[in-house]
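Descriptive structure summary
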Amino acid sequence: SAAEKGGHDYFMLKEIEEQPEALANTLRGHFDHGRIVLDEQRMSDQDLRDVDKVFVVACGTAYHSGLIAKYAIEHWTRLPVEVELASEFRYRDPVLDRDTLVVAISQSGETADTLEAVRHARGQKARVLAICNTNGAQIPRESDAVLYTHAGPEVGVAATKTFTSQIAANYLVGLALAQARGTKYPDEVAREFAELEAMPAAVQKALSTVDRVRELGRRMADSKAVLFLGRHVGFPVALEGALKLKELAYMHAEGFAAGELKHGPIALIESGLPVVVVMPSPKGRAVLHAKLVSNISEIQARGARTIVIAEEGDDTVRPFADELVEVPAVPTLLQPLVSSVPLQVLAAEIARTRGYDVDKPRNLAKSVTVE
Ligand code: AGP
């Protein structure tokens with residue numbers, strides 16, 4: 001009923017709007033007396049100090065959260081991080097041992113490929129930490145340790161609040177590793193955590209774009225295809241934006257690393273093709289920003305219709321944006337938390353305009369327990 005959906009047309013929109021709360025709940029209690037505490041985690045500081053390599057395994061949207069985590073965890077810890085689709089990892093011979101930390105990310109905790117990846121890793125003595133949204137599910141039960149996201153139940157088949165909560169949980173793991181290994185000073189860990197804690201408010205501000213993006217989605221609903229471009233942490237955000245559009249609107253959508261444009265994808269650009277660009281902050285990583293501005297000018301010159309997700313007040317990008325969606329300024333590594341919001345709304349509204357059931361897309365199940 002409409003009441004269950006909090007007055008919205010579909011659950012997904014309610015769940016998109018629950019993201020500030022989901023993030024706050026996921027972070028709550030994990031910083032105490034100046035230290036990151038992962039009490040559900042059952043891994044000692046010594047265990048974390050011994051880690052010399054991290055593997056992240058997951059499927060779908062959870063995999064995208066892992067791709068984002070790699071930028072943060074490598075930057076903070078100086079540990080090598082590999083991120084792999086569980087369905088690939090489980091059938092190959094990855095290099096693991098008891099000092100490898102495998103982070104298995106799964107909203108449901110029941111995904112067959114991710115569960116088998118956990119078994120594959122444990123069979124080689126690696127230690128497995130599950131990031132999961134479902135208490136007592138199979139993946140956490142078979143893992144050495146668990147860190148729960150507290151996003152609450154997610155009804156929409158398309159993951160939204162669990163995705164951003166996974167990003168936050170991954171970052172907690174990264175900070176716990178940095179703290180244990182001493183690659184960050186305690187005051188730096190405290191500062192990073194404080195930045196994370198400011199994210200529910202930033203995401204709340206990003207939600208002020210909902211009406212504007214819904215209107216944009218209605219105008220884009222008859223597009224044949226949509227491309228998504230990003231760099232750095234904006235690249236997995238682009239992949240996730242494209243996945244949302246495929247699964248909900250049944251539209252051809254691809255995410256690309258903007259630096260790959262000239263290596264192929266630019267051949268797809270034609271007059272009127274919508275291209276969604278996830279801009280980095282002009283203040284944070286000036287080089288990245290300049291590169292993306294030049295990418296946008298190239299695709300615009302070839303007739304693409306540019307839909308630009310950019311930081312508030314980013315005036316340099318304005319001339320290149322046919323449509324501009326402004327999100328609040330946040331540190332570079334945290335940008336996926338705000339820039340994902342308009343992409344979620346865009347996919348849902350395009351789907352609704354095309355007459356599809358946003359909460360129950362065709363052919364998809366909420367959890368893939370049979371591969
Ligand atoms: C998300 O929108 C998808 N429906 C799907 O990719 C999902 O993220 C994937 O199946 C993994 O599910 P899990 O997190 O429950 O393991």
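Quick caveat, the model's predicted, so the values are computed rather than measured.

1. Quick notes on the confidence of the model for the protein chain
The predicted model of the protein chain averages 95 in pLDDT, with 98% of residues at 70 or higher. Listed scores for the predicted complex are pTM 0.96 and ipTM 0.97.

2. Overview of the sheet that holds strand 12 (residues 323-327)
The 5 strands lie next to each other as 9-8-10-11-12, forming an open sheet whose pairing is parallel. Sheet topology places strand 9 (252-257) and strand 12 at the edges, where each strand pairs with a single neighbour. The sheet shows a mean angle of 20 degrees between the axes of neighbouring strands, direction not considered. Note that strand 8 (residues 225-230) and strand 10 (residues 274-278) share 3 bridges and pair parallel.

3. Observations regarding the site of the ligand
For the ligand, the set of nearby residues contains 16 residues, the closest of which are Gly60, Ser106, Gln107, Ser108 and Thr111. Here the shell around the ligand takes 3 residues from helix 4 (residues 60-77), the largest share from any one element. For the shell around the ligand, the residue count by class is 7 nonpolar, 8 polar and 1 charged.

4. A closer look at the packing of helix 2 (residues 19-27) against helix 10 (residues 199-206)
Two elements in contact, helix 2 and helix 10, have axes separated by 8 Å at closest approach and are oriented at 170 degrees. Classified by the angle their axes make, helix 2 and helix 10 are roughly antiparallel. Judged by residue contacts, Gln19, Pro20, Leu23 and Ala24 of helix 2 engage Met199, Pro200, Val203 and Gln204 from helix 10. Its residues assigned to classes, the contact of helix 2 with helix 10 shows 6 nonpolar, 2 polar and no charged.

5. Notes on unusual backbone geometry
The phi torsion at Tyr250 lies on the positive side, around 55 degrees, for a residue other than glycine. Summarising the element assignment, Tyr250 is placed in the loop between helix 12 (234-249) and strand 9. Overall, the presence of 15 C-beta atoms within 10 Å leaves Tyr250 in the partly exposed class. Positive phi values are uncommon outside glycine, yet Asn363 reaches one of about 70 degrees. Locating Asn363 in the fold gives a position in the segment after helix 14 (335-353). Judged by C-beta crowding, with 6 C-beta atoms within 10 Å, Asn363 ranks as exposed.

Cut-offs and rules
- One numbering rule holds for all chains: residues counted from 1, following each sequence as written.
- At least 70 in pLDDT is required for a residue's local features to be given in this predicted model, at least 80 for side-chain atom pairs to be given and counted, and no such filter applies to totals for whole chains, interfaces and linings, which use all residues.
- Known as pLDDT, the predictor's per-residue confidence is scaled from 0 to 100.
- Two strands are said to pair when DSSP picks up at least two bridges between them.
- Only runs of H or I of at least four residues qualify as helices and only runs of E of at least two qualify as strands under DSSP, and these elements are numbered from the N terminus.
- Between the N-to-C directions of two axes lies an angle of 0 to 180 degrees, each axis being a line fitted to C-alpha atoms and, for a helix, fitted only over the stretch in contact.
- Whether a residue is near a molecule or strand depends on its C-beta atom, generated from backbone atoms, being within 6 Å of that molecule or strand.
- Residues are sorted three ways: Asp, Glu, Lys and Arg are charged, Ala, Val, Leu, Ile, Met, Phe, Trp, Tyr, Cys and Pro are nonpolar, and all the rest, Gly among them, are polar.
- Roughly parallel refers to an angle under 35 degrees, roughly antiparallel to one over 145, roughly perpendicular to one between 65 and 115, and oblique to any angle outside these ranges.
- Placing C-beta atoms from the backbone, we regard two residues as in contact once those atoms come within 7 Å.
- Buried residues are those with 20 or more other C-beta atoms within 10 Å of their own C-beta, exposed residues have 12 or fewer, and partly exposed residues lie in between; C-beta atoms are placed from the backbone.

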